[in-house]
Amino acid sequence: MGYSGFRVIKEGLFGQKGWKPVWRDPEPKPEYDAVIIGGGGHGLSTAYYLAKEHGMTNIAVLEKGYIGGGNVGRNTTIVRANYFLPGNSEFYSHSLKLWETMEQDLNYNVMHSQRGLINLFHSDGQRDAFARRGNAMINQGDDAVLLDREGVREYLPYLDFDNVRFPIYGGLLHPRGGTARHDAVAWGYARGADQRGVDIIQNCEVTGIDIEGGKVKGVQTTRGVIRAKKVGIVVAGRSGQVAAMAGMRLPIESHVLQAFVTEGLKPVIDHVVSFGMGHFYISQSDKGGLVFGGDIDFYSSYAARGNLPMKEHVMDAAMTLMPMIGKAKVLRSWGGIMDMTPDGSPIIDKTDTEGLFIDCGWCYGGFKAVPGSGFSFAHLMATGNHHEPAAKFRLDRFRTGVGLMDEEGTGSQHNLH
């Protein structure tokens, strides 16, 4: 089904009765050329690009719940390409370019808004670090503008510039950064993959991975055995559990990251704003809610909910940065399960089992990476070769120590990234 302004008007005039299901609800076939475990943003985009770029259409995406019910619908919707280290920088730059053509490519409104992202700094040392980061972004071909204190005030006059502990010195503006509607991204890729013949199978939990003679043969599911020549694991915070079905132990810890949204308010925050001294970030949704978050809960968990001390910590940071937020009422909160690596950078690689591939370890960067991850993982699964922008996301770097990418410089502790 095509979407257009004319179609929206027509359906509004005739009772909205002409819309059809966006994707099919097929029964699983006994065998596929490839099976993608995980129907989140990364899994759906992988299936879409396998079909679109490589002509593979005999594919199944297996989702144990429903499309949009996992991390892809449990985040703060930020899209950016302001990374510093080689490996991360070129990948997220490639992903942002895919974001910029996504809606035309999918013919689906994901509400991508390049409203600009401003990272605040609060000391001379932070200014130097962000100046260096901005130069790296520009060298990569992306955009960055270093703002002084008055430059930030022009964009964000509502901040507490004279906070005694954390005065605002300036900020790094990333004009092409912004937000998108998280579940719409999942729906758009699901629709696009389905149109190209991919089977999207919901309520189908994988319970085992069949391996014979060092080669993957298929998967065991709650809806029967499915044979496949290639299997991709793309399950975010559940990566360690699913990989264990293939006898693998990944260098991954799963932690909860909370997010919050307030009641709907009149427009007040035009950009995405990141607090340099409290790991707090905030934007305003199209419905008017202030969407914000902070640190992970710092202990391993598979619970899609957070704890009260971290809620208080995030609210403290919000009040420190913009005291006006104290007048807003928090409407709801939720948690996503983050797959944290020791260096804070992801993994897109083959495994020692022939035909078995892994895409995980996205830490805080999962949503913004959706198109880039799917494109690169599809390239790897289809050709057996690493896609150049993701060539450094190797699994064996954690065994050899060569090629580690510690973007934040916090060391080999999962929960610090």
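What comes next is a walk through the structure. Every value quoted in this text rests on a predicted model; they were computed, and no experiment measured them. (Residues numbered from 1 in each chain as written. Predicted model: local features only at pLDDT ≥ 70, side-chain atom pairs only at ≥ 80, totals over all residues. Heavy atoms only, no water.)

Re the sheet that holds strand β4 (residues 117-121)
- A sheet is described by the order of its strands in space; here 8 strands give the open sequence β5-β6-β4-β13-β14-β15-β12-β16, paired in mixed fashion. Across the chains shown, the open sheet's two edge strands, defined by having one partner strand only, are β5 (145-148) and β16 (330-340). With direction set aside, neighbouring strand axes in the sheet form an average angle of 25°.
- Across 5 bridges, the pairing between β4 and strand β6 (residues 170-174) is antiparallel. By the bridge assignment, isoleucine 118 is partnered in β6 with leucine 173.
- Most of the contacts of helix α4 (residues 124-140) go to β4, to which it runs at about 150°, and overall it touches β4, β5 and β6. (Pairing = 2+ DSSP bridges. Helix = DSSP H or I, 4+ residues; strand = E, 2+ residues; numbered from the N terminus. Axes fitted to C-alpha atoms, helices over the stretch in contact; angles between N-to-C directions. Contact = heavy atoms within 4.5 Å.)

Focus on the packing of aromatic side chains
- Applying the stated criterion to the full structure yields 14 aromatic pairs.
- For the pair tyrosine 48 and tyrosine 189, a centre-to-centre distance of 5.5 Å together with 65° between the ring planes defines the contact as edge-to-face. Of this pair, tyrosine 48 sits in helix α2 (residues 41-54) while tyrosine 189 sits in helix α6 (residues 182-195), placing them 141 residues apart in sequence.
- In this structure tyrosine 48 comes out as buried when scored by relative accessible area, which is 0%.
- For tyrosine 189, a relative accessible area of 0% corresponds to the buried category. (Phe/Tyr/Trp six-rings, centres within 6.5 Å; stacked < 30°, edge-to-face > 60°. Buried < 20%, exposed > 50% of the residue type's maximum accessible area, 1.4 Å probe, protein only.)

A closer look at α2
- For α2, with 14 residues, the first-to-last C-alpha span of 19 Å sits near the 20 Å given by 1.5 Å per residue.
- The element α2 is largely enclosed, with a buried count of 11 among its 14 residues.
- Those residues of α2 lying buried are Gly41, His42, Gly43, Leu44, Ser45, Thr46, Ala47, Tyr48, Tyr49, Leu50 and Ala51.
- Two residues or fewer after α2 comes glycine 55, characterised by a positive phi angle close to 70°. (Expected span 1.5 Å × (residues − 1).)

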